[in-house]
Protein chains: 2
Amino acid sequence: VRSRAQPAGWRRGAARASPTSREVAELAGVSRSAVSRTFTPDASVSERTRRKVLDAAAKLGYQPDVIARSLITRRSRLVGLIMGEWDNPFYTTMLRGFSEKLQVRDYQVILLTRGPDGGVDGAVRLLLQYRVDGIVLVSCEPGAAVARDCERAGVRLVLVNREAGALRAASIVADSIRIGRDVADLLLRGGYERLAIVRGDPSLPTGIVRTRAFKAAVAASKRARVLIDQTGVLGYAAGRRFVIEAMKGEPRPDAIFCSSDLTAIGVLDGARLDLGIAVPEALAVVGFGDGPAAALGAYDLTTVRLPVERLIDASIEALLSEQAPDPARPVVVEAGIVQRATVRLVRVPSRG
Amino acid sequence: VRSRAQPAGWRRGAARASPTSREVAELAGVSRSAVSRTFTPDASVSERTRRKVLDAAAKLGYQPDVIARSLITRRSRLVGLIMGEWDNPFYTTMLRGFSEKLQVRDYQVILLTRGPDGGVDGAVRLLLQYRVDGIVLVSCEPGAAVARDCERAGVRLVLVNREAGALRAASIVADSIRIGRDVADLLLRGGYERLAIVRGDPSLPTGIVRTRAFKAAVAASKRARVLIDQTGVLGYAAGRRFVIEAMKGEPRPDAIFCSSDLTAIGVLDGARLDLGIAVPEALAVVGFGDGPAAALGAYDLTTVRLPVERLIDASIEALLSEQAPDPARPVVVEAGIVQRATVRLVRVPSRG
């Protein structure tokens, strides 16, 4: 059901005709072209002229009209951002970074949470109506048909945390293979042998790749095994429930790698507060994301740090670069492990 | 320094002319007016015609042009949202709610983080260029001159968490007087007598009002006093440092009311982990916001719950209602206290 509400302004019919660029030019004693150049990013205009124009514009309350200009340039200086996921604080950090960094480059963000139909395609179609200069999709992806519409309209698509596959889209991802392998190595070095790996949505490609790499590294070690590989476990409450169930079985896991920090913190509280299990002595817990909660004193969580700044910078580069990115070659940024107190530390003998 | 980067599309010059509404009308076998009505929110069109138009539009890859239409209607169906603060998770919850709820009503959000100049006025001026239908300012406010520009342009301003004062703007606030009084009452009933109140930015009006009400309620009790009223204490690390300092003095506070959950969690970790103080027996701690961290098992923080949903709904109502809101009368929504484990509970004798 669509609302019939329309914004009414302060007083209906009270809006005065806006001042024109001609009036600004007259008051400033410059040409209309000088006014136009003053308000066009990257256009050349002397500082003295610019000052005169800005003073006159302020006196008259003049606003240059990006919208009218976009009819000529076909550029709105708007970038569409579609949030496919909100629950991990990692994604709001990302949203803030995009907004601030694009703003510095004279672009503004139109923010959508998937589409009016609950899907991504509707959101992309809506953004095309606004003549956006490009679209960033965070942890979601459009269908092939709408991706072709974007290509036809000359609007670039950038997928964050998703590989493009057959889509014509740029792609920025963290190195999931390396993350899976590094966490397995950390747990093996700590002497843990009965491992569990849990995540939320089973269809997320990054989780599938990470899990596969984790299992491969454990199998290669020949002295540990993966007891549990479970999906549908995401968030604090789910993590806390999961550990209580998992510890009823035999053999019990002695290490749990979660796909979010909050899941891991739920596992920690379940293990310590509900079951009285000592972490990291009897159980190791690893999170994912390195959000603000991971560093809190009561948790001090060992976790995977995603390189947010580099994901943002690489995405903006893919969005605005002169050269069209190659969909077949995703930009891969490295993640790292933050070692805190929830995995037993074993000194690694230095090599050489 | 402005970047010279311009989005390049996939292949320069490859963009085809977009299909027109005339082509859609021909393929669907309907009038152009029927096409236009199908893509105009709230316009009347039969379901059968709508279906035909949508099918034809999908086949041709037709996008109705919101931007071109806005030249006629002067309405872009864009709402500007200026985030004055990001650090409290409360504000990202709010952002998400605005985006989702406006989207359902066919409005999209342009997100700005203050202005290119670091200020609010620049952000508002930029939004006027995009012909937004209204502007929501979260925890920030514009100057009087730019507010007048908005009024002239018929663009409504809605301040969230700020009173309008002399500005022509709608205002949605939580009841700071009641919050200050209720938290004081809670601590007094718990038998605490040496109280501290800390917050971040000393100029925030909500904090000033809350602190004043808190002190008045404590003074009226005649059996407790406010030992410490300190500003510049915001966030986990600051809270942890603060409690260590505060406990060096004599007399020591036995209750601390913080202006954010994270500050309170820092105080808790400082008290328990660094100083070995028992909470809530020897020290009460109260947070503000009831974000996700407050409910974590290791903290179980007593805190002020801000009515996020009601703040969002009231703001959208003020933005889109037919009737212009009265700047002199802010919409006040009630907050509540979530009693958890960091304040000693004393049963209140039931009245009557």
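Data block above holds the structure.
Parameters and conventions
Residues numbered from 1 in each chain as written. Chains lettered and ligands numbered in written order. Predicted model: local features only at pLDDT ≥ 70, side-chain atom pairs only at ≥ 80, totals over all residues. Heavy atoms only, no water. Helix = DSSP H or I, 4+ residues; strand = E, 2+ residues; numbered from the N terminus. Buried < 20%, exposed > 50% of the residue type's maximum accessible area, 1.4 Å probe, protein only. Contact = heavy atoms within 4.5 Å. Areas by Shrake-Rupley, 256 points an atom, 1.4 Å probe, with all protein chains shown as cover. Phe/Tyr/Trp six-rings, centres within 6.5 Å; stacked < 30°, edge-to-face > 60°. Lys NZ or Arg CZ within 6 Å of the ring centre and 35° of its normal. Polar contact = N/O pair within 3.5 Å; in protein donor to acceptor, adjacent residues only side chain to side chain. Axes fitted to C-alpha atoms, helices over the stretch in contact; angles between N-to-C directions. Parallel < 35°, antiparallel > 145°, perpendicular 65-115°, else oblique. Left-handed = near helix turned anticlockwise from the far one by under 90°. Nonpolar A, V, L, I, M, F, W, Y, C, P; charged D, E, K, R; others polar. Core = buried A, V, L, I, M, F, W, Y, C linked by side-chain atoms within 4.5 Å. Pairing = 2+ DSSP bridges. Disulfide = S-S within 2.5 Å.

> I'd love a proper account of the overall build of chain A, names of residues and values included.
Secondary structure assignment for chain A yields 12 helices and 12 strands. Here chain A holds 352 residues, and 55% of them are scored as buried. Restricting to contacts in chain A with at least 6 residues of sequence separation, those with at least 24 account for 69%. Summed over its atoms, the accessible surface of chain A is roughly 15,300 Å², and 50% of this surface lies on carbon and sulfur atoms.

> Provide a residue-level description of unusual backbone geometry, including the pertinent values.
Residue and element names in this part refer to chain A. Look at the link from Val279 to Pro280: it is a cis peptide, with omega at 10°. Structurally, Pro280 can be placed in the loop between helix H11 (261-274) and strand E9 (284-289). A positive phi is found at Asp106, a non-glycine position, where the angle reads about 70°. Mapped onto the secondary structure, Asp106 falls in the loop between helix H5 (89-104) and strand E2 (108-112). Of note in the backbone geometry, Asn161 takes a positive phi value of approximately 70° without being a glycine.

> I'd like a rundown of the packing of aromatic side chains, residues and numbers included.
With the rule as written, the count across this model stands at 3 aromatic pairs over all chains. Consider the rings of Tyr299 of chain A and Tyr299 of chain B, whose centres lie 5.8 Å apart with planes at 80°: the pair is edge-to-face. Taken together, the residues span two chains, with Tyr299 of chain A in the loop between E9 and strand E10 (302-305) and Tyr299 of chain B in the loop between strand E9 (284-289) and strand E10 (302-305). Seen from their ring centres, Phe214 of chain B and Phe257 of chain B are 5.6 Å apart, and the 45° between their planes marks the pair as tilted. Of this pair, Phe214 of chain B sits in helix H9 (residues 205-221) while Phe257 of chain B sits in strand E8 (residues 255-257), placing them 43 residues apart in sequence. The residues Phe214 of chain B and Phe257 of chain B share a single accessibility class, namely buried. Over the face of the ring belonging to Phe288 of chain A we find Arg210 of chain A, whose NZ or CZ atom lies 4.4 Å from the ring centre.

> So what about the side chain of Ser76 of chain B? Which residues, and what values?
Mapped onto the elements, Ser76 of chain B comes out in the loop between helix H4 (66-73) and strand E1 (78-83). Among the polar contacts made by the side chain of Ser76 of chain B, one reaches the main-chain carbonyl oxygen of Arg131 of chain B at a distance of 2.7 Å.

> Break down the packing of helix H8 (residues 176-189) of chain A against helix H9 (residues 205-221) of chain A for me, citing the residues and quoting the values.
All names here are of chain A. The geometry of H8 relative to H9 is characterised by a closest axis approach of 7 Å and an angle of 40° between their N-to-C directions. It follows that H8 is oblique to H9 by the angle criterion. In this structure, the crossing between H8 and H9 has a hand that is right-handed. Each of Ser176, Ile177, Ile179, Gly180, Arg181, Val183, Ala184, Asp185, Leu187 and Leu188 in H8 lies in contact with H9, whose residues at this interface are Thr206, Val209, Arg210, Ala213, Phe214, Ala217, Val218 and Ser221. Partitioned by chemical class, the residues of the contact of H8 with H9 number 11 nonpolar, 4 polar and 3 charged.

> Describe the nonpolar core, and please don't skip the residues or the numbers.
By size, the foremost hydrophobic cluster in this structure holds 102 residues, and its most contacted members are Phe98 of chain A together with Phe98 of chain B. Apart from the residues lying within four places of it in its own chain, the contact partners of Phe98 of chain A are Leu81, Val109, Val136, Val138, Val160, Ile312, Ser315 and Ile316 of chain A.

> Residues and numbers for the sheet that holds strand E1 (residues 78-83) of chain A, please.
One open sheet holds the 12 strands; their spatial order is E11(A)-E5(A)-E4(A)-E3(A)-E1(A)-E2(A)-E2(B)-E1(B)-E3(B)-E4(B)-E5(B)-E11(B), and the pairing between them is mixed. Only two strands of the sheet have a single partner each, and these edge strands are strand E11 (331-333) of chain A together with strand E11 (331-333) of chain B. Direction aside, the axes of adjacent strands within the sheet are offset by 20° on average. The sheet contact formed by strand E3 (residues 134-138) of chain B and strand E4 (residues 156-160) of chain B spans 5 bridges and is parallel. Looking at the pairing, Gly134 of chain B lines up with Arg156 of chain B of E4 of chain B. Packed on one face of the sheet, helix H6 (residues 120-129) of chain B meets E2 of chain A together with E1, strand E2 (108-112) and E3 of chain B and runs near 170° to E1 of chain B.

> Talk me through the state of the cysteines; I want residue IDs and the actual numbers.
One pass over the full model with this rule turns up 0 disulfides over all chains. The structure places no disulfide on Cys150 of chain A, whose sulfur is separated from the nearest cysteine sulfur, that of Cys140 of chain A, by 12 Å.

> An account of the environment of Ala164 of chain A is requested, with residue identities and associated values reported.
Residues and elements named next belong to chain A. You can see Ala164 is positioned in the loop between strand E4 (156-160) and strand E5 (170-174). Exposure remark for Ala164: the relative accessible area of 7% places this residue in the buried category. Separated by 13 residues in sequence, Ala164 and Ile177 have C-alpha atoms that sit 17 Å apart. When sequence neighbours within four positions are dropped, the list of residues in contact with Ala164 reads Leu159, Ala169, Ser171 and Pro327.

> Which residues make up the pairing of E2 of chain A, and what values go with them?
Most of E2 of chain A is tucked away: 5 of the 5 residues are buried. Here E2 of chain A shows a buried face lined by Gln108, Ile110 and Leu112 of chain A and a second buried face lined by Val109 and Leu111 of chain A. Two strands pair when backbone bridges link them, and E1 of chain A and E2 of chain A are joined in this way by 5 bridges, in the parallel orientation. Within E2 of chain A, the residue paired with Ile82 of chain A across the bridge is Leu112 of chain A. As paired elements, E2 of chain A and E2 of chain B share 3 bridges and run antiparallel to each other. Looking at E2 of chain B, one finds that Ile110 of chain A is bridged to Ile110 of chain B.

> Which residues make up the packing of H5 of chain A against helix H12 (residues 308-320) of chain A, and what are the values?
Residue and element names in this part refer to chain A. With their axes 10 Å apart at the nearest point, H5 and H12 run at an angle of 45° to one another. Classed by the angle they form, the pair H5 and H12 counts as oblique. For H5 against H12, the interelement crossing comes out right-handed. Here Phe90, Thr93, Met94, Gly97, Phe98, Lys101 and Leu102 of H5 lie close against H12, whose contacting residues are Val308, Glu309, Leu311, Ile312, Asp313, Ser315, Ile316, Leu319 and Leu320. Per-class residue counts for the contact of H5 with H12 are 10 nonpolar, 3 polar and 3 charged.

> I'd like to hear about the sheet that holds strand E7 (residues 225-230) of chain A, residue by residue, with values.
Residues and elements named next belong to chain A. A sheet is described by the order of its strands in space; here 6 strands give the open sequence E7-E6-E8-E9-E10-E12, paired in mixed fashion. In the strand order of this sheet, the two ends are held by E7 and strand E12 (336-338), each with one partner. Averaged over all neighbouring strand pairs, the angle between strand axes comes to 20°, with direction disregarded. Pairing analysis gives 5 bridges linking strand E6 (residues 194-198) to E7, with the strands arranged parallel. When the bridges of E7 are listed, Leu195 appears paired with Val226. On the sheet, H8 packs against strand E8 (255-257), E9, E10 and E12 and is oriented at approximately 160° with respect to E9.

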